[in-house]
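Residue strings, one per chain:
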Amino acid sequence: TDEISHLFKQCEANIKSVVEGVDKRDPQDVAMRKNVQSSLATQMHALSVTFRKDQKRYYEKLKDIEAKTKYKPEKRPDDFEDTGFNHAQMQELMEAEESVQDREREIEKVAEGMRDLQNIFKELAVLIIDQGTIIDRIDYNIERAGANTAQGVEQLRKAEDSQRRNPATCCIMVLTVVLGVLFLILVLKVLGYISI
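A. Just the environment of Asp116, in detail. Considering the arrangement of structural elements, one finds Asp116 in helix α3 (residues 87–165). Distance from Asp116 to Ser5, taken between C-alpha atoms, is 6.7 Å for residues 111 residues apart in sequence. With residues up to four places along the chain from it excluded, the contact list for Asp116 reads Ser5 and Lys9.

B. Local environment of the pattern of salt bridges. Counted according to the given criterion, the structure contains three salt bridges. Between Arg57 and Asp54 there is a salt bridge; the shortest N-O distance is 2.9 Å. Pair noted here: Arg57 and Asp54 are both in helix α2 (residues 27–68), with a separation of three residues, about one helical turn. By relative accessible area, Arg57 is classed as exposed at 55%. Overall, Asp54 belongs to the partly exposed group, its relative accessible area being 36%. Glu154 serves as the salt-bridge partner of Arg157, at 3.9 Å between the closest nitrogen and oxygen. Of this pair, Arg157 and Glu154 both sit in helix α3, separated by three residues, roughly a single helical turn.

C. The arrangement of α2 in detail. The terminal C-alpha atoms of α2, which comprises 42 residues, lie 61 Å apart, in line with the 62 Å expected from a rise of 1.5 Å per residue. Those residues of α2 that fall on the buried side of the exposure criterion are Asp29, Val30, Gln37, Ala41, Met44, Ser48, Phe51, Gln55, Leu62 and Glu66.

D. Molecular detail of the packing of helix α1 (residues 2–16) against α3. In the contact formed by α1 and α3, the axes pass within 9 Å of each other and the chain directions differ by 15°. Relative to α3, the element α1 lies roughly parallel. Seen along the crossing, α1 lies across α3 with a hand that is left-handed. Two secondary-structure elements touch here, α1 through Asp2, Ser5, Phe8, Lys9, Glu12, Ile15 and Lys16 and α3 through Lys109, Gly113, Asp116, Leu117, Ile120, Glu123 and Leu127. Among the residues making up the contact of α1 with α3, the classes are represented as five nonpolar, two polar and seven charged.

E. Just the nonpolar core, in detail. Core analysis: the largest hydrophobic core is formed by 10 residues, namely Phe8, Ile15, Ala41, Met44, Phe51, Leu117, Ile120, Phe121, Leu124 and Leu127. Those elements that provide at least two residues to this core are α1, α2 and α3. If you tally residues by element for this core, the top one is α3, at five residues. Dropping the residues within four chain positions of it, Leu117 is found in contact with Phe8, Ser48, Phe51, Arg52 and Gln55.

F. Spotlight on α1. In this model, α1 (15 residues) spans 21 Å end to end at C-alpha, consistent with the 21 Å of a helix rising 1.5 Å per residue. Among the residues of α1, those classed as buried are Ser5, Phe8, Glu12 and Ile15. What you see down the axis of α1 is that its buried residues fit within an arc of 80°, all on one side. In this structure, α1 carries Glu3 and His6 as exposed residues pointing more than 90 degrees from its buried face. Residues of α1 that are buried in the fold lie against α2 and α3.

Rules behind the numbers
Residues numbered from 1 in each chain as written. Predicted model: local features only at pLDDT ≥ 70, side-chain atom pairs only at ≥ 80, totals over all residues. Heavy atoms only, no water. Helix = DSSP H or I, 4+ residues; strand = E, 2+ residues; numbered from the N terminus. Contact = heavy atoms within 4.5 Å. Salt bridge = Lys/Arg side-chain N within 4 Å of Asp/Glu carboxyl O. Buried < 20%, exposed > 50% of the residue type's maximum accessible area, 1.4 Å probe, protein only. Expected span 1.5 Å × (residues − 1). Axes fitted to C-alpha atoms, helices over the stretch in contact; angles between N-to-C directions. Parallel < 35°, antiparallel > 145°, perpendicular 65-115°, else oblique. Left-handed = near helix turned anticlockwise from the far one by under 90°. Nonpolar A, V, L, I, M, F, W, Y, C, P; charged D, E, K, R; others polar. Core = buried A, V, L, I, M, F, W, Y, C linked by side-chain atoms within 4.5 Å. Arc of directions from axis to C-beta.

Written out as structure tokens, the structure reads:
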């Protein structure tokens, strides 16, 4: 379990390093890396939940085995007085104590692994919350961009309408038409079609 816990920690460090060294000026790269990081964190979370369940089952199984293997001296119905332990019984007692100590060490290792996993879960929870906050910010920015675009289109329409209705623009158009008519009259007079 120590090795697996170490691997989980290593994976967590690798997931955190996905966004390190990213060029902050490239928003597409930042967004892609954060999405990859979020996806990997979700997958690691699922794996660690499965591992924790299996580890808990193993821990309970070890406790059951420990409870069943407590040393109980043999009682013989024909023995009426306590003569102490013979060599075979002492050997059996020592083996049972050694077995119990081994199981206790295994249980301690499992408990330590569970504490490590708990820390990993806390850090993953913080990472997932951060990812959710970033996604919320992205949604908010998209909504604001849409609203700003709509306002920009409306402002352009107003500017176009006001430009068409501007008195200076109307005056320029009238003068252009008058100059065009006068030019036409001048050309016709020079050609002799009109005499004034």
